[in-house]
Amino acid sequence: MKQTLFLLAFCLLLTGCAGYSLGNQKPVQLRHITKLAVPAFENLTLEPRLAVLVTNTIIKQLQNHGSYQIVARRDAEAVLEGKIQNIQRTQFRSDRNNILRTSQIQATLLCDFTVKESGSGKLLRTGTSSAISNMIIDANMQLSETQLLEDLAQQLAFPVADELSEGW
């Protein structure tokens, strides 16, 4: 009797996790894609080198997810293409003594992306991603601006990689 109860409890424990699976859960349209090409995004802004920064950051984030092997366009099953639509900077905070003097800037970056099959050009997925980041103005404005753009690219890459790698 004890052996039967033990065997029954053991079987119930084993079947309790039957619906779960480890590993990637890609979106349905991208489930068959394993090799992805990511050419440089098109930059529709006046910000130099922004396309390369955003593209490289998205590639790194996709590699961190591990859902796709990033390859050259000729070897890819699908291609991720993107357009950086807009970067906008606005005053976020002003100086305490002079409201016309900016002490902190908020920047917003907007990007559209598509995933197409390599051979047929069939549209598999489209999306839009945006990122918001702040920059405190200090003596080294160039360094602050560089850090702002890197942070915007990182904030933009997270949702793009999540949308392409996770099919929840």
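1. Here we look at the nonpolar core
Working step 1: Formed by 34 residues in total, the largest nonpolar core has its most connected members in V54, L62, L80 and L164.
Working step 2: The element that contributes the greatest number of residues to this core is helix α3 (residues 141–165), accounting for nine residues.
Working step 3: Apart from residues lying up to four places away in sequence, L164 is in contact with P27, L30, L62, Y68, L80, F113, V115 and R125.

2. Remarks on the confidence of the model for the protein chain
Working step 1: Per-residue confidence for the protein chain gives a mean pLDDT of 89, with 88% of residues at or over 70.
Working step 2: Strand β2 (residues 42–43) holds the highest mean pLDDT among the elements of the protein chain, 98, whereas helix α1 (residues 2–15) holds the lowest, 68.

3. Describing helix α2 (residues 50–65)
In an α-helix, one turn spans 3.6 residues, which is why side chains three or four residues apart end up on the same side.
Working step 1: With 16 residues, α2 ought to run about 22 Å at 1.5 Å a step, and its terminal C-alpha atoms sit 23 Å apart, in line with that.
Working step 2: Taken together, the buried positions of α2 are L50, A51, V54, T55, T57, I58, I59, Q61 and L62.
Working step 3: Those residues of α2 that are buried are in contact with β1 (35–37), β2, β3 (69–70), β4 (78–94), β5 (102–117) and α3.
Working step 4: Immediately beyond the C-terminal end of α2, within one or two residues, lies G66, with a positive phi of roughly 80 degrees.

4. Digging into the environment of T90
Working step 1: Position of T90 relative to the elements: it lies in strand β4.
Working step 2: Note: C-alpha distance between T90 and T108 (18 residues apart in sequence) is 8.6 Å.
Working step 3: Apart from residues no more than four positions distant in its own chain, T90 is found in contact with Q104, I105 and Q106.

5. Notes on the pairing of β5
Working step 1: Where β4 meets β5, 15 bridges bridge the pair, whose relative direction is antiparallel. The partner of I84 across the bridge, within β5, is C111.
Working step 2: One ladder, built from 13 bridges, connects β5 with strand β6 (residues 123–136); its direction is antiparallel. Each residue of the ladder has a partner; that of D112, found in β6, is T128.
Working step 3: Connecting the antiparallel pair β5 and β6 is a turn made up of five residues, with G121 showing a positive phi of about 75 degrees.

6. Re the pattern of salt bridges
Working step 1: Tallying each qualifying case throughout the model produces six salt bridges.
Working step 2: We note a salt bridge from E81 to K116, for which the minimum N-O separation is 3.7 Å. Pair noted here: E81 is in strand β4 and K116 is in strand β5, with a separation of 35 residues, a long-range link.
Working step 3: Assessed through its relative accessible area of 31%, K116 is described here as partly exposed.
Working step 4: With its nearest N and O atoms 3.6 Å apart, the salt bridge here joins R101 to D95.
Working step 5: A network of salt bridges, in which partner residues are shared, links E47, R89 and E145.

Conventions used here
Residues numbered from 1 in each chain as written. Predicted model: local features only at pLDDT ≥ 70, side-chain atom pairs only at ≥ 80, totals over all residues. Heavy atoms only, no water. Core = buried A, V, L, I, M, F, W, Y, C linked by side-chain atoms within 4.5 Å. Buried < 20%, exposed > 50% of the residue type's maximum accessible area, 1.4 Å probe, protein only. Helix = DSSP H or I, 4+ residues; strand = E, 2+ residues; numbered from the N terminus. Contact = heavy atoms within 4.5 Å. pLDDT = per-residue confidence, 0-100. Expected span 1.5 Å × (residues − 1). Pairing = 2+ DSSP bridges. Salt bridge = Lys/Arg side-chain N within 4 Å of Asp/Glu carboxyl O.

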